[in-house]
Amino acid sequence: MDATGQGHERLEDIGARKIMTTQGKKLVVWGIPWDVGDQGLREQMWQFGELADAMQMKDHASGRSRGFGYVTYASSEDAEKALSAQHIINGGMLQVKVARSKGRNGPNT
DNA sequence: GTTGAGCGTT
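Residues numbered from 1 in each chain as written. Chains lettered and ligands numbered in written order. Predicted model: local features only at pLDDT ≥ 70, side-chain atom pairs only at ≥ 80, totals over all residues. Heavy atoms only, no water.

(A) Fine view of the packing of aromatic side chains. In total, this model carries two aromatic pairs according to the counting rule given. Seen from their ring centres, phenylalanine 68 and tyrosine 70 are 5.7 Å apart, and the 75 degrees between their planes marks the pair as edge-to-face. (Phe/Tyr/Trp six-rings, centres within 6.5 Å; stacked < 30°, edge-to-face > 60°.)

(B) The arrangement of the pairing of strand S3 (residues 65-73) in detail. The element S3 is extensively covered by neighbouring structure, given that seven of its nine residues are classed as buried. Two elements, strand S1 (residues 26-30) and S3, share five bridges in a ladder whose sense is antiparallel. In the sheet register, leucine 27 faces S3, and the bridge partner there is valine 71. In this sheet, S3 lies alongside strand S2 (residues 51-58) in antiparallel orientation, the contact comprising seven bridges. (Buried < 20%, exposed > 50% of the residue type's maximum accessible area, 1.4 Å probe, protein only. Helix = DSSP H or I, 4+ residues; strand = E, 2+ residues; numbered from the N terminus. Pairing = 2+ DSSP bridges.)

(C) Inspection of the sheet that holds strand S4 (residues 87-89) at higher detail. With antiparallel pairing, five strands are arranged side by side in an open sheet as S2-S3-S1-S5-S4. The open sheet has two free edges, formed respectively by S2 and S4, since each of these has just one partner strand. In this sheet, adjacent strand axes meet at a mean angle of 30 degrees when their direction is disregarded. Strands S1, S2, S3, S4 and strand S5 (92-98) of the sheet are contacted by helix H2 (residues 38-46), whose axis makes an angle of about 145 degrees with S2. Its contacts with the sheet put helix H3 (residues 76-84) on S1, S3, S4 and S5, and the angle it makes with S5 is roughly 140 degrees. (Axes fitted to C-alpha atoms, helices over the stretch in contact; angles between N-to-C directions. Contact = heavy atoms within 4.5 Å.)

Limitation: the analysis is restricted to geometry and does not speak to function.
See below:
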């Protein structure tokens, strides 16, 4: 039995790789009603293009919806399409912008 | 039971 213990680093490498490949395709969705969940957001954005990933941020104390979420499109053209398109949910208009990096000094660099 | 125009989780 060889105990290299490097099988865990592979998964982190894929995660880091995802950040590099999702740059410019990660969009942040604002204006989400407090009654809308992550799947509601996913279904709403799926109409504009295939989503590589979608998650909605909620309060860690109560678990309530924060009113915003992140959406990653499988293609940059679909991301721009969603940026240029308008989203209506529950009779409200959602705002889609390009998401920034979470652990970097700036959105670009 | 509430609120808003802002960027997350190692």
